[in-house]
Amino acid sequence: MELRHIKGYLFDIDGVLLLGKEAIPGAKELLDALRSRGKHVLFVSNTSSRSRLQCIEQFTRADIQIADEELFLASEETSQYIARLKPKARAYVLGAKGLYAELEKEGIEILPSENVDPQAVDFVVVGRDRTLTYDKLTAAFQAITHGAKFVAVNNDPTVPGRNGLEPGAGAIVAALSAMLGRGPDINMGKPATLLLEMAAQHRSLKPHECAMVGDTIDVDIVAGNRAGMTTILVLSGNASREDLNSQAAQGDGRPDIVVTSVRDLLDMIA
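Since this is a predicted model, take the numbers as computed values, not measurements.

A. Local environment of the overall build of the protein. Helix and strand content of the protein: 8 helices and 15 strands. Whereas a compact globule of 270 residues would reach a radius of gyration of roughly 18 Å, the protein reaches 18 Å, a difference of no more than 12%. With the C-alpha coordinates aligned to their principal axes, the bounding extent of the protein is approximately 55 × 35 × 35 Å. Split into buried and exposed, the 270 residues of the protein put 54% on the buried side. Considering only contacts within the protein whose residues lie at least 6 apart along the sequence, 73% involve residues at least 24 apart. Taken as a whole, the protein presents about 12,000 Å² of accessible surface, with 48% of it coming from carbon and sulfur.

Given below as structure tokens:
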């Protein structure tokens, strides 16, 4: 497919540009090449475990420089959304320090993880939690059944790690949903299109002028297609070539372009 009309490239981060603390080969060279050609480069991540500062530091450690205004995060958008719904809300959080930092930045009170009164919780915010316990899952469930809003930062079932795929926030969301018999009250992050739309609007770009580059068919590719963007699937993270034959890769999940990694895009960009 011809990419000459593309003015803005929206990148997922994990599994596309970075794996842990290291850059995927060719990532820095591609970003440099795009910028040298006058293309807009933006980063749209479903991350629920890192704050804005932590994301920028992660890129810096990988020897990739990004600007603050190029970064759009689900954890930050979730925090701002809750703060708009109810200023000084009280939240029970299944997540990492980065999510805590974004919520606290918006004036949201983080309730203790143990011995919490379920009736005191306004929102149960679910991200990726490496310290998840049975007791924490129980507390989240009880708070929701007592009226707290169930908020999913994202629904990624898995995320790429250094030694293969690991459970994502979506795995915890699924556990709570199974107990409740319903899904979250609020879903942030891809495959919803909000992050992509915000990023494009930030550069005054129309959807057809943008390409969404991601590694997850039912998250990144579905979001890009629903937003009306060209979609590019890389096979360096969540998705494998076999996944292209799955039901998820049909309809909204069908990518326009498939490459092994971002390195392959160097020869395709105009």
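Alright, that's what it looks like, and here's the rest.
B. Spotlight on the pattern of salt bridges. The tally for this structure, following the rule as stated, stands at 18 salt bridges. With a shortest N-O distance of 3.2 Å, Lys-7 and Glu-209 are connected by a salt bridge. With Lys-7 in the segment before β1 (8-11) and Glu-209 in the loop between α7 (194-202) and β13 (210-214), this residue pair connects regions lying 202 residues apart in the sequence. The salt bridge partner of Asp-122 is Lys-86, with a shortest N-O separation of 2.9 Å.

C. Representation of the packing of aromatic side chains. Tallying each qualifying case throughout the model produces 3 aromatic pairs. Arranged with centres 5.1 Å apart and planes meeting at 50°, the rings of Phe-43 and Phe-59 form a pair that is tilted. Pair noted here: Phe-43 is in strand β4 (residues 40-45) and Phe-59 is in helix α2 (residues 52-61), with a separation of 16 residues, a long-range link. The same class applies to Phe-43 and to Phe-59, which are both buried. Aromatic rings pair up to connect Tyr-9, Phe-11, Phe-43 and Phe-59 into one cluster.

D. Expanded view of the packing of helix α5 (residues 134-145) against helix α6 (residues 169-180). Closest axis-to-axis distance for the α5/α6 pair is 10 Å, and the angle between their directions is 50°. By the angle between their directions, the pair α5 and α6 is classed as oblique. In this structure, the crossing between α5 and α6 has a hand that is right-handed. Across the interface between the two elements, Leu-137, Ala-140, Phe-141, Ile-144 and Thr-145 from α5 touch Ile-172, Ala-175, Leu-176, Met-179 and Leu-180 from α6. In the contact of α5 with α6, the residues fall into 9 nonpolar, 1 polar and no charged.

E. The pairing of strand β6 (residues 90-94), seen in detail. By the criterion of burial, β6 is predominantly enclosed, with 4 of the 5 residues buried. Sheet analysis places β6 next to strand β7 (residues 109-110), joined by 2 bridges and oriented parallel. Note on β7: the bridge partner recorded for Arg-90 is Glu-109. Of the crossover connections in this fold, the one passing from β6 over helix α4 (residues 97-105) to the parallel β7 is right-handed. Here 4 bridges tie β6 to strand β8 (residues 123-126), and the two strands are oriented parallel to one another. In the strand pairing of β8, Tyr-92 is matched with Val-124.

F. Layout of the pairing of strand β11 (residues 164-167). Bridge count for strand β10 (residues 158-161) against β11 is 4 bridges, and the pairing is antiparallel. Residue pairing in the sheet places Thr-158 in a bridge with Pro-167 of β11.

G. Layout of the side chain of Asp-129. Along the chain, the position of Asp-129 falls in the loop between β8 and α5. At a separation of 3.3 Å, a polar atom in the side chain of Asp-129 contacts the main-chain amide nitrogen of Gly-95.

H. Representation of the nonpolar core. Tyr-9, Phe-11, Leu-17, Phe-43, Val-213 and Val-262 are the most contacted members of the largest nonpolar core, which totals 33 residues. Looking at this core, the elements with two or more residues in it are β1, α1 (27-36), β4, α2, β5 (71-73), β13, β14 (230-234) and β15 (257-259). Per-element tally for this core: the top contributor is α1, with 5 residues. Residues within four places of Phe-43 in sequence aside, it is in contact with Phe-11, Ile-13, Leu-17, Leu-31, Arg-35, Phe-59, Ile-66, Glu-70, Leu-71 and Phe-72. In this structure, Ala-89, Ala-91, Ile-108 and Met-212 belong to the second largest nonpolar core, which totals 29 residues.

About the thresholds
- Residues numbered from 1 in each chain as written.
- Predicted model: local features only at pLDDT ≥ 70, side-chain atom pairs only at ≥ 80, totals over all residues.
- Heavy atoms only, no water.
- Helix = DSSP H or I, 4+ residues; strand = E, 2+ residues; numbered from the N terminus.
- Rg over C-alpha atoms; globule rule 2.2 N^0.38 Å.
- Buried < 20%, exposed > 50% of the residue type's maximum accessible area, 1.4 Å probe, protein only.
- Contact = heavy atoms within 4.5 Å.
- Areas by Shrake-Rupley, 256 points an atom, 1.4 Å probe, with all protein chains shown as cover.
- Salt bridge = Lys/Arg side-chain N within 4 Å of Asp/Glu carboxyl O.
- Phe/Tyr/Trp six-rings, centres within 6.5 Å; stacked < 30°, edge-to-face > 60°.
- Axes fitted to C-alpha atoms, helices over the stretch in contact; angles between N-to-C directions.
- Parallel < 35°, antiparallel > 145°, perpendicular 65-115°, else oblique.
- Left-handed = near helix turned anticlockwise from the far one by under 90°.
- Nonpolar A, V, L, I, M, F, W, Y, C, P; charged D, E, K, R; others polar.
- Pairing = 2+ DSSP bridges.
- Right-handed = clockwise from strand over helix to strand, strands pointing away.
- Polar contact = N/O pair within 3.5 Å; in protein donor to acceptor, adjacent residues only side chain to side chain.
- Core = buried A, V, L, I, M, F, W, Y, C linked by side-chain atoms within 4.5 Å.

Such coordinate-based values are descriptive only and should not be taken to indicate function.
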